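Residue-level listing of the chains:
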Amino acid sequence: MIIPYEQLHPDTLNALIEEFVSRDGTDYGTSEISLAAKVEQVRCKLAAGEAVILFSESKGLCNIVHKDML
């Protein structure tokens, strides 16, 4: 199920994005990028419709994915 990011409480959305960008294996290239910058990049992708929040009711898991992966 796709969850519109606008329906999440701002603190919940921020925590979800922070968890997503801090996962092991998340690669942002050769230069270091601050957590705040990474969060803002993902927030912009959500706002532009380039990424979506998926929730699996059966697994109870939430993830952020690029819209092309749907």
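Residues numbered from 1 in each chain as written. Predicted model: local features only at pLDDT ≥ 70, side-chain atom pairs only at ≥ 80, totals over all residues. Heavy atoms only, no water.

> I'd love a proper account of the layout of surface pockets, names of residues and values included.
What the largest pocket holds in volume is close to 170 Å³. Contributing to the lining of the largest pocket are ten residues, with F20, K45, A51, I64 and H66 lying nearest its centre. Those elements giving two or more residues to the lining of the largest pocket turn out to be α2 (35–47) and β3 (61–66). Partitioned by chemical class, the residues of the lining of the largest pocket number seven nonpolar, two polar and one charged. (1 Å grid on protein atoms, 1.4 Å probe; cavity = no way out; pocket = protein on both sides within 12 Å on 5 of 7 lines; lining within 4 Å. Points joined across faces, edges and corners; volume = space filled by probe spheres on them. Helix = DSSP H or I, 4+ residues; strand = E, 2+ residues; numbered from the N terminus. Nonpolar A, V, L, I, M, F, W, Y, C, P; charged D, E, K, R; others polar.)

> So what about α2? Which residues, and what values?
Each α-helix winds once per 3.6 residues, and so residues spaced three or four apart point in a common direction. Here α2 spans 18 Å end to end across 13 residues, near enough to the 18 Å set by a 1.5 Å rise per residue. Summarising the contacts, the buried residues of α2 are in contact with α1 (10–21), β2 (51–56) and β3. Just downstream of α2, G49 is the residue with a positive phi angle, here 80 degrees. (Expected span 1.5 Å × (residues − 1). Contact = heavy atoms within 4.5 Å.)

> Go over the sheet that holds β3 with me, naming the residues and quoting the values.
Spatial strand order, β1-β2-β3: three strands in an open sheet with antiparallel pairing. Looking at the sheet topology across the chains shown, the edges are occupied by β1 (2–3) and β3. In terms of strand pairing, β1 meets β2 through two bridges, oriented antiparallel. By the bridge assignment, I2 is partnered in β2 with L54. Here α1 sits on the sheet in contact with β2 and β3, set at roughly 70 degrees to β3. Each of β2 and β3 touches α2; the most contacted strand, β2, lies at about 90 degrees to it. (Pairing = 2+ DSSP bridges. Axes fitted to C-alpha atoms, helices over the stretch in contact; angles between N-to-C directions.)

> Help me get a handle on the packing of α1 against α2, residues and values and all.
In the contact formed by α1 and α2, the axes pass within 9 Å of each other and the chain directions differ by 110 degrees. Comparing the axis directions of α1 and α2 gives the class roughly perpendicular. The two elements α1 and α2 cross, and the hand of that crossing is right-handed. The segment α1 lies against α2, with L13, N14, I17, E18, F20 and V21 engaging L35, K38, V39, V42, R43 and L46. Counted by class, the contact of α1 with α2 contains eight nonpolar, one polar and three charged residues. (Parallel < 35°, antiparallel > 145°, perpendicular 65-115°, else oblique. Left-handed = near helix turned anticlockwise from the far one by under 90°.)

The values are spatial; any link to function lies outside them.
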